[in-house]
Amino acid sequence: QVQLVESGGGLVQAGGSLRLSCAASGRTFSHYHMGWFRQAPGKEREIVASISQSGGYKYYADSVKGRFTISRDNAKNSMYLQMNGLKSEDTAVYYCAARSPSTGTYAYWGQGTQVTVSS
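Calculation rules
Residue indices follow the written sequence of each chain, beginning from 1 at its first position. Local features in a predicted model are, by the rule used here, given only for residues with pLDDT of at least 70; side-chain atom pairs are given and counted only at 80 or more, and totals for whole chains, interfaces and linings are based on all residues. Note: side-chain values were computed over all heavy atoms of the structure, leaving out hydrogens and water. Each reported salt bridge corresponds to a side-chain nitrogen of Lys or Arg within 4 Å of a carboxyl oxygen of Asp or Glu. Only DSSP runs of H or I with at least four residues qualify as helices, and only runs of E with at least two residues qualify as strands; both kinds are numbered from the N terminus onward. Partly exposed residues are those whose accessible area sits between 20% and 50% of the maximum for their type, while under 20% is buried and over 50% is exposed, using a 1.4 Å probe and protein chains only. Whether two strands pair comes down to DSSP finding at least two bridges between them. Take the buried residues of types Ala, Val, Leu, Ile, Met, Phe, Trp, Tyr and Cys, join any two whose side-chain atoms come within 4.5 Å, and each joined set is a nonpolar core. Polar contacts here mean pairs of N or O atoms no more than 3.5 Å apart (in protein, one a potential hydrogen donor and the other a potential acceptor; neighbouring residues in sequence count only if both atoms are side-chain atoms). We call two residues contacting when some pair of their heavy atoms lies within 4.5 Å. The convention used is that axes are lines fitted to C-alpha atoms, helices contributing only their stretch in contact, and that angles between N-to-C directions extend from 0 to 180 degrees.

Undergrad: In this structure, what is going on with the pattern of salt bridges? I would like to understand it.
TA: Charged atoms that come close allow side chains of opposite charge to pair. In the structure shown here, the tally under the stated rule is 4 salt bridges. Here R38 ties to E46 by a salt bridge, and the two come within 2.7 Å at their closest N and O atoms. R38 is the partner of D90 in a salt bridge, and the nearest nitrogen-oxygen pair spans 2.9 Å. Of the two residues, D90 sits in the loop between β8 (78-83) and β9 (92-99) while R38 sits in strand β4 (residues 33-39), which places them 52 residues apart along the sequence. The exposure classification of D90 matches that of R38, with both residues buried. Taken together, the shared-partner salt bridges connect R38, E46, R67 and D90 into one network.

Undergrad: Can you walk me through the pairing of strand β7 (residues 68-73) in this structure?
TA: Of the two faces of β7, the one lined by F68, I70 and R72 is fully buried and the one lined by T69, S71 and D73 carries no buried residue. Bridge count between β7 and β8: 6 bridges; the pairing is antiparallel. Following the sheet pairing, S71 is matched in β8 by Y80. Where β7 hands over to β8, the hairpin turn is made up of 4 residues, of which N77 adopts a positive phi near 50 degrees.

Undergrad: What is the right way to read the nonpolar core from this model?
TA: Across soluble globular proteins, nonpolar side chains have a tendency to be buried as a group. In this structure, M34, W36, M79, L81, M83 and Y94 are the most contacted members of the largest nonpolar core, which totals 30 residues. Mapped onto this core, the elements with two or more residues apiece are β1 (2-7), β3 (18-26), β4, β5 (46-51), β7, β8, β9 and β11 (113-118).

Undergrad: Can you walk me through the pairing of β4 in this structure?
TA: A regular strand carries its side chains on alternate faces of the sheet. Taken across its 7 residues, β4 has 6 buried, putting it largely inside the fold. As defined by bridge partners, β4 adjoins β5 across 5 bridges and the pair is classed as antiparallel. Note on β5: the bridge partner recorded for M34 is I51. The antiparallel pairing of β4 with β5 creates a hairpin that spans 6 residues between the two strands, and G42 there sits at a positive phi of about 80 degrees.

Undergrad: Is there a simple way to explain the side chain of R67 in this structure?
TA: Within the fold, R67 resides in the loop between β6 (58-60) and β7. A polar contact is formed between the side chain of R67 and the side chain of D90, at a distance of 2.7 Å. Once residues lying within four places of it in the same chain are set aside, the contact partners of R67 are Q82, M83, N84, G85, L86, K87 and D90.

Undergrad: Explanation requested: the sheet that holds β7 in the structure shown.
TA: Pairing is antiparallel in the open sheet, where 4 strands are placed in the order β1-β3-β8-β7. Every interior strand has two partners, whereas the edge strands, β1 and β7, have only one. In this sheet, neighbouring strand axes are inclined to one another by 15 degrees on average, regardless of whether the strands run parallel or antiparallel. Bridge count between β3 and β8: 6 bridges; the pairing is antiparallel. Paired with A23 across the two strands is S78, which belongs to β8.

Undergrad: Just to check I follow, could you spell out unusual backbone geometry for this structure?
TA: Excluding glycine, most residues fall at negative phi; most peptide bonds, likewise, are trans. One non-glycine residue, N77, lies in positive phi territory at about 50 degrees. With respect to the helices and strands, the residue N77 is situated in the loop between β7 and β8.

Here is the structure:
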């Protein structure tokens, strides 16, 4: 399995930027389709963005299109989420996750990093 650790969260003013990182260890990172999720207080966890093993395919939720950019560096076993134009509604705990090649579900999760956007 793969172990995931997020970093880069924090407090930022509306309109500001943050870059989240997800460091992977364990099995070969490049084998996993990866995703960023978030969960705001009182709300269900939702997918923010995902990226294929090679980075050639990227998905974004409508709420973040044009503001967030997902990327990965397989040589560094890392994934990133560049967040620009942050809004108060982006406030949440952000998680990175790896999709199991055998089940197709997100089976491996990090501990999360808090992003707080003040208006």
